[in-house]
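# Secondary and tertiary structure notes
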Amino acid sequence: MKEKWKTLLLSSIIICLCIALLRYPQHSFEAAVRGLHMWWDVVFPSLLPFFIVSEILIGFGVVHFLGVLLEPFMRPLFKVPGIGGFVWAMGMASGYPAGAKLTARLRQQQQLSAIEAERLVSFTNSSNPLFIFGAISVGFFHNPNIGIILALSHYLGNICVGFMMRFHGKDENDTIPKQKKSLLLQAFRAMHEARLKHSQAIGKLLGDAVRSSIQTLFMIGGFIILFSVLNKLLYITNITKWLADMIQYALALFHLPSELSVPFIAGLFEITLGSQMTSEVTNATLLQKVMITSFILAFGGFSVQAQVASILAEAHIRFQPFFIARIFHGFFASFFAFLLWKPLYVQPLESAETLPVWLPEGAIRWPMLYIHWIEQYGFFVTATVCLLYVVIAFRREKPPV
């Protein structure tokens, strides 16, 4: 009976979506173009290098090398193998959903147990620093100091999620193996054995890395376009306003103005739009807007979560722990934004300092320069790589003569 109601609910939602698409074709088209523009010019060229490099590192066994070295650090803190350190670093550098892709890849190679994969994916997916500093702090808030608060609260919140998820499930591999030989020697041996086990020509390895990365990015692009249209339709049909009317009571518990409810709902579906709308609210203090933006960045939006769910399903990793972790990450990030506000923003301004003394000015400028470069030349990068993908796919499918 429960499955019947589920079928009825899902089919009703799809029918309503189709009706909305037919009712508002112009708005749907504009939203789809906006999503496509974001993916084509920014997301694709930004994520592609990280995806390709990570695939090559896995193929060469470098991940196994780092896994052995980081085992004494990652296992006691987060109860995941040392290779989780590589996933954590790559996920932080490249942003959503790189952590999920690498976790699924290692799970498929039997480098992680099911519980370890669920723990790892919960805290290795995050926004990258370029997006936080370039797009959010400078692009939307026009204030580079905001990026410091957002970044620190975001990554500290992720660490707290990792600590929390170490208690998730039970695994026989929670104990730290005793090191009988030199750790560096063991790491090199693990890398050598992994390379021999998956030995293949460099050309084939590079081709497989490019093909796999582009296929994942195509999937990501589809979700970005879909949720861009969905978010627009929800706003036009006043469903967003209806949801905002309910959420404003929850915001009142934290002494946040009701004007932030609509941007908050928009951010639950799509990070960029929600962050932009939050920065434009006038009847809210800067601290309140930063706290809401921190929650939106940490939660990731249903668009990102749908991408992660699709990737995890291929490796038979449950999505529910990841979703719960995102909610906790949102509250952790907002809490840290509140704690760090006075020492990192108010006090430096009162001392006539534009930036904390420990943060070089160039650390703020280069993310924005990179974002501008991506926006200007990202089209050519995406077009070139897509053409390369077509050539690789054609040569792979071409029958031998």
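Residues numbered from 1 in each chain as written. Predicted model: local features only at pLDDT ≥ 70, side-chain atom pairs only at ≥ 80, totals over all residues. Heavy atoms only, no water.

## Some points on the overall build of the protein
A tally of regular secondary structure across the protein gives 17 helices and 0 strands. Burial statistics for the protein: of 401 residues in total, 50% are counted as buried. Contacts in the protein between residues at least 24 apart in sequence constitute 78% of all its contacts with a sequence separation of at least 6. Total accessible area computed for the protein in this model is approximately 20,300 Å², and 69% of it derives from carbon and sulfur atoms. (Helix = DSSP H or I, 4+ residues; strand = E, 2+ residues; numbered from the N terminus. Buried < 20%, exposed > 50% of the residue type's maximum accessible area, 1.4 Å probe, protein only. Contact = heavy atoms within 4.5 Å. Areas by Shrake-Rupley, 256 points an atom, 1.4 Å probe, with all protein chains shown as cover.)

## Some remarks on the nonpolar core
Judged by nonpolar contacts, the single largest core of 69 residues is most densely connected at F123, I146, I149, L150, V290, I292 and W341. Excluding residues that lie within four positions of it along the chain, F123 makes contacts with M74, F78, V80, W88, N158, V161 and G162. Ranked by size, the runner-up nonpolar core spans 19 residues in total, among them W39, V43, V210 and V385. (Core = buried A, V, L, I, M, F, W, Y, C linked by side-chain atoms within 4.5 Å.)

## Things to note about the environment of I148
Counting through the fold element by element, I148 comes out in helix α8 (residues 144-165). Since its relative accessible area comes to 2%, I148 is described here as buried. Between the C-alpha atoms of I148 and L344, which are 196 residues apart in sequence, the distance is 7.8 Å.

## Considering the pattern of salt bridges
If you walk through the whole model with that rule in mind, you get 4 salt bridges. Where E118 meets R318, a salt bridge forms, and the shortest distance between an N and an O atom there is 2.9 Å. Separated by 200 residues along the polypeptide, E118 in helix α6 (residues 114-123) and R318 in the loop between α15 (301-314) and α16 (320-350) bring together distant segments of the chain. When its relative accessible area of 4% is taken as the criterion, E118 is described as buried. Residue R318 is classed as partly exposed on the basis of its relative accessible area of 45%. (Salt bridge = Lys/Arg side-chain N within 4 Å of Asp/Glu carboxyl O.)

## A look at the packing of helix α7 (residues 129-140) against helix α13 (residues 271-279)
Relative placement of two packed helices is described by the angle separating their axes and the distance separating the axes. Where α7 meets α13, the closest approach of the two axes is 9 Å, and the angle between their N-to-C directions is 35°. In this structure, α7 crosses over α13, and the sense of that crossing is right-handed. Along its contact with α7, which presents F131, I136 and F140, the element α13 presents I271, T272, S275, Q276 and S279. For the contact of α7 with α13, the residue count by class is 4 nonpolar, 4 polar and no charged. (Axes fitted to C-alpha atoms, helices over the stretch in contact; angles between N-to-C directions. Left-handed = near helix turned anticlockwise from the far one by under 90°. Nonpolar A, V, L, I, M, F, W, Y, C, P; charged D, E, K, R; others polar.)

## What about helix α4 (residues 83-94)?
Between its first and last C-alpha, α4 extends 17 Å over 12 residues, near the 16 Å set by a 1.5 Å rise per residue. Within the span of α4, buried status applies to I83, G84, G85, F86, V87, W88, M90, G91 and S94. Turning to α4, the residues buried within the fold contact α2 (25-60), α3 (62-78), α5 (98-108), α6 and α8. Following α4 by one or two positions, G95 adopts a phi angle in the positive range, close to 90°. (Expected span 1.5 Å × (residues − 1).)

## Describing the packing of α5 against α15
Orientation of α5 relative to α15, taken along the N-to-C sense of each, is 5°, at an axis distance of 9 Å. If you check the angle between α5 and α15, you find them roughly parallel. Contacts between α5 and α15 involve A100, K101, A104 and Q108 from the first element and V308, I311, L312 and E314 from the second. Counted by class, the contact of α5 with α15 contains 5 nonpolar, 1 polar and 2 charged residues. (Parallel < 35°, antiparallel > 145°, perpendicular 65-115°, else oblique.)

## Quick notes on the packing of aromatic side chains
A complete count under the given rule lists 19 aromatic pairs for this structure. Ring plane angle 85° and centroid distance 5.5 Å describe the contact between F299 and F302, whose orientation is recorded as edge-to-face. Assessed through its relative accessible area of 4%, F299 is described here as buried. Clustering of aromatic rings is evident, with ring pairs tying together F254, F264, F269, F295, F299, F302, F319, F322, F323 and F331. Here the guanidinium or amino end of R166 rests over the ring plane of F167, the centre of that ring lying 5.3 Å away. (Phe/Tyr/Trp six-rings, centres within 6.5 Å; stacked < 30°, edge-to-face > 60°. Lys NZ or Arg CZ within 6 Å of the ring centre and 35° of its normal.)

## Topic: α3
Taken as a whole, α3 carries its principal kink of about 65° at L70; the proline P72 stands between one and four residues after it. Turning to α3, its buried residues are V63, H64, F65, G67, V68, E71, M74, R75 and F78. Directly after α3, the chain includes K79, whose backbone phi takes a positive value near 55°. (Bend = angle between axes of the 7 residues up to and from the residue.)

## Concerning the side chain of E270
Locating E270 in the fold gives a position in the loop between α12 (261-269) and α13. Owing to a relative accessible area of 9%, E270 belongs among the buried residues under this scheme. Apart from the residues within four sequence positions on either side, E270 is in contact with R34, M38 and N231.

## Overview of the confidence of the model for the protein
Averaged over every residue, the pLDDT of the protein is 82; the share at 70 or more is 86%. At the level of individual helices and strands, the protein shows its lowest average pLDDT in helix α17 (residues 362-397), which scores 69, and its highest in helix α14 (residues 286-299), which scores 94. (pLDDT = per-residue confidence, 0-100.)

## Quick notes on unusual backbone geometry
Cis geometry is found at the peptide bond from Y96 to P97, where omega equals -15°. Residue placement: P97 occurs in the loop between α4 and α5. Phi angles above zero are rare outside glycine, and N238 is one such case at about 65°. Tracing the chain through its elements places N238 in the loop between α10 (202-236) and α11 (239-253). Non-glycine residue H255 carries a positive phi angle of around 60°.

## So, the state of the cysteines
The final tally for this structure, using the stated rule, is 0 disulfides. Free cysteine C18: the closest other cysteine sulfur is in C16, separated by 9.3 Å. (Disulfide = S-S within 2.5 Å.)

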